[in-house]
Amino acid sequence: MRILPADGVTATVRENGHMELRTTGQGVRGCPPVGTAMWMALRHSDGFLDLASEALADGWGADPGTVRAAMAAWSRRLVADGLLRTAT
């Protein structure tokens with residue numbers, strides 16, 4: 001499954017690692033550094049959740065299944081909020 005930014009969503013990463021997601025009509029939503037890392041990993045892996053979670057797990061020295069579960073939950077919330085979309 002691929003997960004991509006919804007149409008019109010832009011991201012700005014701040015010096016402190018926090019990210020701001022902007023979209024027309026919804027304003028700005030803040031993201032903590034962990035969410036920033038997940039967003040960047042998804043973008044780097046062309047939206048493929050498995051690849052992104054594997055890369056993060058490797059970089060963090062974490063269990064891949066745990067990172068994948070966390071990313072799946074995080075991405076479901078952002079899809080529900082209209083900031084991400086699923087693609088085939």
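Scroll up to find the structure.
Right, let's walk through the structure included here. What you see is a predicted model, and the numbers here were worked out from it, not measured in a lab. (Residues numbered from 1 in each chain as written. Predicted model: local features only at pLDDT ≥ 70, side-chain atom pairs only at ≥ 80, totals over all residues. Heavy atoms only, no water.)

## A closer look at the nonpolar core
1) Next: Counting residues in hydrophobic clusters, the biggest one holds 21 residues, and the most contacted among them are W39, L42, M71, W74 and L84.
2) Next: Sorting the residues of this core by element identifies β3 (19-23), α1 (33-44), α2 (49-60) and α3 (64-80) as the ones contributing at least two each.
3) Next: For this core, the element with the most residues is α3, which contributes 5 residues. (Core = buried A, V, L, I, M, F, W, Y, C linked by side-chain atoms within 4.5 Å. Buried < 20%, exposed > 50% of the residue type's maximum accessible area, 1.4 Å probe, protein only. Helix = DSSP H or I, 4+ residues; strand = E, 2+ residues; numbered from the N terminus.)

## Considering unusual backbone geometry
1) Next: Phi is positive for D46, close to 60°, though the residue is something other than glycine.
2) Next: Position of D46 relative to the elements: it lies in the loop between α1 and α2.
3) Next: We classify D46 as partly exposed; its relative accessible area is 44%.

## So, α2
1) Next: With 12 residues, α2 should reach 16 Å at 1.5 Å per residue; the first-to-last C-alpha distance of 16 Å fits that figure.
2) Next: Downstream of α2 by one or two residues, G61 has phi in the positive range, about 65°. (Expected span 1.5 Å × (residues − 1).)

## Digging into the pattern of salt bridges
1) Next: Enumeration over the complete set of coordinates arrives at 5 salt bridges.
2) Next: We note a salt bridge from R22 to E20, for which the minimum N-O separation is 2.9 Å.
3) Next: Classification of R22 as partly exposed rests on a relative accessible area of 34%.
4) Next: The exposure class assigned to E20 is partly exposed, which follows from its relative accessible area of 21%.
5) Next: For R29, the salt bridge goes to D81, with nearest N and O atoms at 2.1 Å. Linking R29 in strand β4 (residues 27-31) with D81 in the loop between α3 and β5 (84-87), this pair joins segments that are 52 residues apart in sequence.
6) Next: A residue is classified by how much of its surface remains accessible, and R29, at 29% relative accessible area, is partly exposed.
7) Next: Residue classification places D81 among the partly exposed positions, given a relative accessible area of 34%.
8) Next: Through salt bridges with shared partners, a single ionic network connects R14, E20 and R22. (Salt bridge = Lys/Arg side-chain N within 4 Å of Asp/Glu carboxyl O.)

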